[in-house]
Amino acid sequence: MMPKDAERAYLANLGAQGVNHSLNKPFSDPECGIHLAAIGFIMRLLPPPPARILDLGCGGGWTSIFYARLGYQVTGQDIAPDMIAVARDNARINDVGSRTDFLCGDFEHIELGAQYDAAIFFDSLHHAEDEALAIHAAWRALKPGGILITHEPGEGHSQSAESIAAMARFGVNERDMPPHLIMARGRDAGFTGFRVLPMPSLLYSTFYQPRDYSGRWFSKRRWKMLARAARMIFKPDVREGAVVVMTK
Ligand SMILES: C[S@@+](CC[C@H](N)C(=O)[O-])C[C@H]1O[C@@H](n2cnc3c(N)ncnc32)[C@H](O)[C@@H]1O
């Protein structure tokens, strides 16, 4: 099966449990805290509501619903018809039907006109076959001055045990999507301003430990945290997963 057909078939392959997970995300997910942190950071980067947002590869729509609940007018878009059906149900259940619309289609080929203030790929661009086409399509959908935000895994993602298992079982793409690649494609598409910000999951795992390690000032752990924090501030790693913001 071709990867795009596999993306379309993914939810059906997961069955009722998958639908339930999608409908209740992020609360149904073991990484709920990280997802909530991530959406919070992304909200901080968006222009104030009511702006128009395009959520590319929205899956069951949880991110679209969070943006809509904050007052944005949101278009969620996904290649899988059953994901879009879940997203519509989800929006209705959360009472944001009037601030959301959902489109089924391929984000590498969407033509929506330059009408959005922000476009977001949240954990979806690394499923693309051609990320250059997807980033160019997002550029076309943005108003001049609009921003594209990506929240994607970096180098090594395609080799992780979880990705290898997902590719073997479902046939979907699990590609590396590091900031250097996203920015190179962005530059080709016509984006001008670029920012690379630490992945919320990295901040979460670096600083937010359930146990208190603060007793010992010069512990190995504390030095590691310091080194990581200094790198995040002064020399963001353009190979590892990150949030990238590009301006049209
Ligand atoms: C890992 S899921 C993330 C979904 C959602 N953003 C979330 O956080 O729950 C990746 C999503 O990208 C969608 N996708 C993959 N390739 C796509 C394409 N070419 N066009 C649109 N959506 C695509 C999949 O159907 C899937 O819903």
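Note that the structure is a prediction, hence the values are computed from the model and not measured. (Residues numbered from 1 in each chain as written. Predicted model: local features only at pLDDT ≥ 70, side-chain atom pairs only at ≥ 80, totals over all residues.)

Draft legend 1. Up close: the nonpolar core. Counting 54 residues, the largest nonpolar core has Ile53, Ala119, Ile120, Ala138, Leu148 and Ile149 as the members making the most contacts within it. Contact partners of Ile149, with chain neighbours within four places excluded, come to Ile42, Leu45, Ala118, Ile120, Val243 and Val245. (Core = buried A, V, L, I, M, F, W, Y, C linked by C-beta atoms within 7 Å. Buried ≥ 20, exposed ≤ 12 C-beta atoms within 10 Å, placed from the backbone. Contact = placed C-beta atoms within 7 Å.)

Draft legend 2. Quick look at the site of the ligand. Gly57, Gly59, Ile79, Phe107 and His127 are the nearest of the 20 residues found near the ligand. Among the elements of the structure, α1 (3-14) and α4 (62-69) are those that each provide at least two residues to the shell around the ligand. Residues belonging to the shell around the ligand are distributed by class as follows: eight nonpolar, five polar and seven charged. (Near = placed C-beta within 6 Å. Helix = DSSP H or I, 4+ residues; strand = E, 2+ residues; numbered from the N terminus. Nonpolar A, V, L, I, M, F, W, Y, C, P; charged D, E, K, R; others polar.)

Draft legend 3. Spotlight on the pairing of strand β7 (residues 242-247). Counting buried residues in β7 gives five out of six residues, a clear majority hidden from the surface. In this structure, strand β5 (residues 142-152) lies alongside β7, joined through six bridges in antiparallel fashion. When the sheet's bridge partners are listed, Leu148 is paired in β7 with Met246. Relative to β7, strand β6 (residues 193-198) is paired through six bridges, and the arrangement is antiparallel. Paired with Leu197 across the strands is Val243, a residue of β7. (Pairing = 2+ DSSP bridges.)

Draft legend 4. Region of the structure containing unusual backbone geometry. In this structure, Pro26 follows Lys25 across a cis peptide bond, with omega equal to 10 degrees. Residue placement: Pro26 occurs in the loop between α2 (16-24) and α3 (32-45). Although it is not a glycine, Asp95 adopts a positive phi angle of roughly 60 degrees. Relative to the assigned elements, Asp95 resides in the loop between α5 (81-93) and β3 (100-104). With 11 C-beta atoms counted inside 10 Å, the residue Asp95 sits in the exposed group. Even without being glycine, Asp123 reaches a positive phi, approximately 55 degrees. Note on placement: Asp123 falls in the loop between β4 (116-122) and α6 (131-141).

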